[in-house]
Amino acid sequence: MPDYCKRGFLLTDEIAPRPSDERLKERKVAFIECPQEIPCNACVFSCKFDAVEMENINAPPRVIYENCTGCMKCIRVCPGLAIFMLEIKDGKGRITMPYEFLPVPEKGDTVSLLNRKGEIVGEGTVTWVLPPEKNEGTALVTVEMDKDLLFEVRAFRVR
Amino acid sequence: MGRLQEHPVVQFRRGKKVTIYFDGKPMEAYEGETVAAALYANGVRIFSRSFKYHRPRGFFCAIGKCSSCMMEVDGIPNVRTCKVYVRDGMQIRSQNSYPDVNNDILGVFDRLDFMFPHGFHYKKFIRPSFLRLFFVNSMRKFTGLGNFPKEEIKERGREETLECDIAIIGAGPAGLSSAIYAGELGADICLMDENPRVGGQLVKQTHRFFGSAEHGAGTRGIKIAENLEKKVREFDNVNISLNTGVFGIYDGTIGAVKDNTLIEIKPKKIIIATGAYERTLIFENNDLPGVYGAGGVQTLMNVYGVKPGDTGLIVGSGNVGLILTYQLLQAGVDVAGIVEAMPVIGGYFVHAAKVRRLGIPIYTSHTIKKAYGSKRVEGAQIVALDDKWQEVPGSERDISCDFICISVGLSPTHELLYQAGAEMRFVPELGGFVPVRNRYMETSREGVYVAGDAAGIEEASTAMIEGRIAGLDSAIKLGYGDKEAEEMRDKFVSDLEEMRRGPFGARILKGLEKVVV
């Protein structure tokens, strides 16, 4: 059993290979943190661009970054809330995360950024919100932050 | 008071406001709520007193599988308050306590336990012999639960006999799937459930489901329940009988009760999809009000919108414990941590990651040692375990919490299978006693099928596929359907095999080897 099953979070060297900075600057890209073999393939079938690969229903998914258009179909259906859309825009990092709590933040709000362990690592600004009623209860929220935090921040807390 | 007004995922549609009376005290309730939920929302925590020592008991399972919420309702004793719905003017009284359940003077027996060891009535209070009758009569006053109704019940019971092709017991994910697939083939079906609504435990699963995209992965459990209900109600040949408790299967004939009607059902095939009940765990004070089943808390919170407390401690890090933690946070309830006896997290990593990134600690290789409190949980003590599952001395630590959720697994509800005459085996990998069956879910008793958690504890996604297989096969055996139906049935069998191929399925497969013939 891998060590992340004891901790409940991934270390930086356990995450999937990162998309290149060039790719991140081009447009949004899906980044999946789902290393364990579990019987689920919701993301594969949601993707219209063959960007998510899976050998069988139990295998972990793999994103082909070249094919990903950043359409966010997969992030809407993932039951593990394990998909994040990453992007570098105007030198800033942007992460789109699923959010199922109240209150739902609004564009322009400042939020506390949390890493995989739940520690506050900085603050960010909300740049886009898909309201929960448009996605069966799961809001999607884009938060702008320091570019170096793209692979560290995985949640936020509304102040 | 204790009711949730807003929730990120669920919209609580509460009925008309009514007043119920608990031990004479008026309380606010809403139509559609169970008595237990309404009492809980009004701050009632002690629901009953234990039989002998009069220890306070709170609610536990919230779905009618335990007996800790029994009270007198409108003069009828020993009613499970988690199963009856409020009505304006309802009179609810606590039983087995004096003067009331909160301040029961007989609770002193708990301190005098040394005087009443097991079987004491054979050895003590028997001499002098001329006083023996007096002693016996006095002791009898303290025994039994509840009082006989004061008024004679005038209403007469009725009897009814039904015939159908397939009787399905339990309208959860497995039973509903059976009904839909067998109904589609044209079989005449009687679908029964003891609850007033279909959906089983899906109605409290507010999270999105894992599984295969073809079988609804990514959809919330509550939505799956709605979809299945809509589908099953489309069939005229599926007769849905709710509030119907099946109490026995006698040589292929089913006995059931609905209100005051005794129903005799003579089916050609039976599908038993009775689900599972929650296990509990042994530790000091594990019966204190505030120690709840994880599923019970889900029912209270996600179905009735009642807040279980302010800070919870979760015992067990299987998927139920992890999901419940997330759901508590969604309802604005704090979670002090998750305790797991195994050295690794039991459930899916992604479920753990969801709560971990919100700062909830997961204590692996730890267990709960005791709960603090006298009338309700006021805290807990946890302790580390070494690699031989022994407590590490000096590693005790106190956790501040006002309720504790036990999510240490489920056991199949197997009673009807036994009674139907199916060969049963104890398979720990599947959660307990499960029937021997073939790959189409037919048990050793011909014509009796099993599906869902009753066949072995697994996910709702697999329960639905098992239900389809049982529904299809039983209908095919009765002459419904054609080659296409057989192909569909076989495809579902291979879908199931495919889903179980991963590491989480390995344990299930090991268990199935012992029962699938």
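Analysis parameters
- Residues numbered from 1 in each chain as written.
- Chains lettered and ligands numbered in written order.
- Predicted model: local features only at pLDDT ≥ 70, side-chain atom pairs only at ≥ 80, totals over all residues.
- Heavy atoms only, no water.
- Helix = DSSP H or I, 4+ residues; strand = E, 2+ residues; numbered from the N terminus.
- Rg over C-alpha atoms; globule rule 2.2 N^0.38 Å.
- Buried < 20%, exposed > 50% of the residue type's maximum accessible area, 1.4 Å probe, protein only.
- Contact = heavy atoms within 4.5 Å.
- Buried area = accessible area lost by both parts, 1.4 Å probe.
- Salt bridge = Lys/Arg side-chain N within 4 Å of Asp/Glu carboxyl O.
- Domains from an automatic or database assignment.
- Polar contact = N/O pair within 3.5 Å; in protein donor to acceptor, adjacent residues only side chain to side chain.
- Nonpolar A, V, L, I, M, F, W, Y, C, P; charged D, E, K, R; others polar.
- Pairing = 2+ DSSP bridges.
- Axes fitted to C-alpha atoms, helices over the stretch in contact; angles between N-to-C directions.

Visitor: Would you mind showing me how to read the overall build of chain A here?
Guide: From N to C terminus, chain A includes four helices and nine strands. For chain A, the succession of helices and strands along the chain, N to C, is α-α-β-α-β-β-α-β-β-β-β-β-β. Against the compact-globule benchmark of 15 Å for 159 residues, chain A has a radius of gyration of 15 Å, which places it among compact chains. Considered along the principal axes of its C-alpha atoms, chain A spans approximately 40 × 35 × 35 Å. Out of the 159 residues in chain A, the part that is buried amounts to 56%.

Visitor: Just checking my understanding: could you explain the interface of chain B and chain A for this structure?
Guide: By a frequent convention, interface size equals the accessible area lost on bringing the separate parts together. Residue-level contacts link 38 residues of chain B with 45 residues of chain A. Taken together, the two surfaces of chain B and chain A that pack against each other cover about 3,500 Å², and 60% of this comes from carbon and sulfur. Together, Arg-208, Phe-349 and Arg-357 of chain B form the three largest contributors to the area buried by chain B at its contact with chain A, with a combined 24%. The tally of links between chain B and chain A comes to one salt bridge.

Visitor: Please explain the domain arrangement of chain B as it appears in this structure.
Guide: Residues and elements named next belong to chain B. Split by domain assignment, chain B resolves into domain 1 (17-140), domain 2 (158-277 + 411-513) and domain 3 (291-408). Placing a centre on the C-alpha atoms of domain 1 and another on those of domain 2 gives a separation of 35 Å. Across the boundary between the two partners, domain 1 contributes four residues, which contact nine residues of domain 2. Approximately 510 Å² of surface area, both sides summed, lies buried where domain 1 meets domain 2, with 45% of it carried by carbon and sulfur atoms. By the criterion of area lost to domain 2, the three top residues of domain 1 are Ile-63, Lys-65 and Lys-83, representing 80% of everything that side buries. For the pair domain 1 and domain 2, the interface holds zero salt bridges. Taken together, the links from domain 1 to domain 2 amount to one residue pair in polar contact (both at pLDDT 80 or more). Here the side of domain 1 that touches domain 2 is built from residues that sort into two nonpolar, no polar and two charged.

Visitor: What's the story with the sheet that holds strand β17 (residues 334-340) of chain B in this structure? I'm lost.
Guide: Sheets are built from strands paired through backbone hydrogen bonds, the pairs being either parallel or antiparallel. All names here are of chain B. Taking strand neighbours across the sheet as the criterion, the five strands line up as β15-β22-β16-β17-β18 in an open arrangement whose pairing is parallel. Sheet topology places β15 (291-293) and β18 (362-364) at the edges, where each strand pairs with a single neighbour. Put simply, the sheet's adjacent strands are angled 20° from each other on average, direction ignored. The strands touched by helix α6 (residues 294-303) within the sheet are β15 and β22 (403-406), with β15 carrying the most contacts at an inclination of about 85°.

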